[in-house]
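Inside the fold
Listed here are the chains, written in short residue letters.
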Amino acid sequence: MASSNNRRKLAQTELEPHLKEEEIRNILHAADSLVSLGGRTMLAKILKGSRDKKLLELGLDNNVAYGYYRSLTIEQITERVDWMIKNDFLELEYRGDMPILYFTDKGWTIQRDQAAGLLLQQWKRWVQEGIAEADMSYLKDRNRGMILIFLQKIAATCDDRFIPLLERWELIDYQKVKKAIRQVVMHLKNKETSPLLLEDAPQADVSTELLLQPRSSERIKCWECGDRFDWTVEEQDIFRMRGWEPPKRCASCREERRKLRDSDW
Ligand SMILES: [Zn+2]
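The rules behind these values
- Residues numbered from 1 in each chain as written.
- Predicted model: local features only at pLDDT ≥ 70, side-chain atom pairs only at ≥ 80, totals over all residues.
- Heavy atoms only, no water.
- Axes fitted to C-alpha atoms, helices over the stretch in contact; angles between N-to-C directions.
- Helix = DSSP H or I, 4+ residues; strand = E, 2+ residues; numbered from the N terminus.
- Parallel < 35°, antiparallel > 145°, perpendicular 65-115°, else oblique.
- Contact = heavy atoms within 4.5 Å.
- Nonpolar A, V, L, I, M, F, W, Y, C, P; charged D, E, K, R; others polar.
- Salt bridge = Lys/Arg side-chain N within 4 Å of Asp/Glu carboxyl O.
- Buried < 20%, exposed > 50% of the residue type's maximum accessible area, 1.4 Å probe, protein only.
- Pairing = 2+ DSSP bridges.
- Domains from an automatic or database assignment.
- Buried area = accessible area lost by both parts, 1.4 Å probe.
- Polar contact = N/O pair within 3.5 Å; in protein donor to acceptor, adjacent residues only side chain to side chain.

**Observations concerning the packing of helix α5 (residues 74–86) against helix α11 (residues 233–241)**
Orientation of α5 relative to α11, taken along the N-to-C sense of each, is 105 degrees, at an axis distance of 9 Å. Between α5 and α11, the crossing angle belongs to the class labelled roughly perpendicular. Between α5, through Asp 82, Ile 85 and Lys 86, and α11, the contact on the second element is made entirely by Asp 237, Arg 240 and Met 241. A breakdown of the residues in the contact of α5 with α11 according to their chemical character gives two nonpolar, no polar and four charged.

Right, here's the structure in full:
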């Protein structure tokens, strides 16, 4: 049955232009330097390539996506940042009146893999340039899941020129990471070709689907009455831009509660 619901969804996706995969990836890169430090404006400034004093103090001009949207205005960039929030890649949390940006699970799944990819690119350059004396302390205290994905990516190269770098790193990191590094070293020494799956490593497969999902209303089960209700795209926009959790109750149960609260005095 061709429901009117489907037609409505289609109309919504037509109205709202989808960002290209490359744009989504660059905004996530920019957000990685910023997360929990700032909000939408600072993120837009990184993407603009702004010479803002605070931005430079924080070293945010070192981000790979710095200046990615150089030709757009701050307003145009902020619209795209808001699109990322509405589409559940980034989320706002209010610290008092200050909205701070964080990754959502979906956003972090993609960024974690991209960040590991950047580390690997740098290591490839070091190997080509014959650099083996690099200071590895920059890898300590990074997100553990991201580090494990990085190690799996190194293993997947089957390139034993990474071993001296791995052995330097092994000297300075924690026990759990040391163990994982050792496994990668053995994998490379033994010239194993099957993929190495490290213990506790998160799922590293980031499908394009995750990036290009069109938006639609979500079905939510009401906590109160157990009925399912639609959380529409328009409502999602409002909730996400205000940093609210998804609704827990259907409209009629919400109405009931409101009445109860009003009479309860
Ligand atoms: Zn209900």
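Next comes the rest of the description.
**With respect to the pattern of salt bridges**
Opposite charge on two side chains permits pairing when their charged atoms draw close. In total, this model carries 20 salt bridges according to the counting rule given. A salt bridge links Glu 167 to Lys 189; the shortest N-O distance between them is 3.7 Å. One end of the pair, Glu 167, is in helix α8 (residues 163–172); the other, Lys 189, is in helix α9 (residues 175–189), with 22 residues separating them in the sequence. On the basis of relative accessibility, which here comes to 31%, the residue Glu 167 falls in the partly exposed class. Residue Lys 189 is classed as partly exposed on the basis of its relative accessible area, which comes to 44%. Residue Lys 259 pairs with Glu 256 through a salt bridge whose shortest N-O separation is 3.9 Å. Residue Lys 259 and its partner Glu 256 are both found in helix α12 (residues 251–263); the two are separated by three residues, about one turn of the helix.

**Quick word on the pairing of strand β1 (residues 90–95)**
By the bridge criterion, six bridges tie β1 to strand β2 (residues 98–103) in an arrangement that is antiparallel. Residue pairing across strands places Glu 91 opposite Tyr 102, the latter belonging to β2. Once β1 ends, the chain turns through two residues before running back antiparallel as β2, passing Gly 96 with a positive phi of about 65 degrees.

**Things to note about the domain arrangement of the protein chain**
Often, the extent of an interface is quoted as the loss of accessible area on bringing the components together. Each assigned domain of the protein chain is listed here: domain 1 (19–103) and domain 2 (108–189). Distance from the C-alpha centre of domain 1 to the C-alpha centre of domain 2: 27 Å. Across the boundary between the two partners, domain 1 contributes seven residues, which contact six residues of domain 2. Summing the contributions of domain 1 and of domain 2, the shared interface buries around 690 Å²; its carbon and sulfur component is 62%. A per-residue breakdown of the area domain 1 buries against domain 2 is headed by Arg 25, His 29 and Phe 103, which together make up 55% of the total. Counting across the interface, domain 1 meets domain 2 through zero salt bridges. Applying the counting criterion to the domain 1 and domain 2 interface returns three residue pairs in polar contact (both at pLDDT 80 or more). With four residues, the single largest contributor to the side of domain 1 that touches domain 2 is helix α2 (residues 21–34). Taken together, the residues that form the side of domain 1 that touches domain 2 break down as four nonpolar, one polar and two charged.

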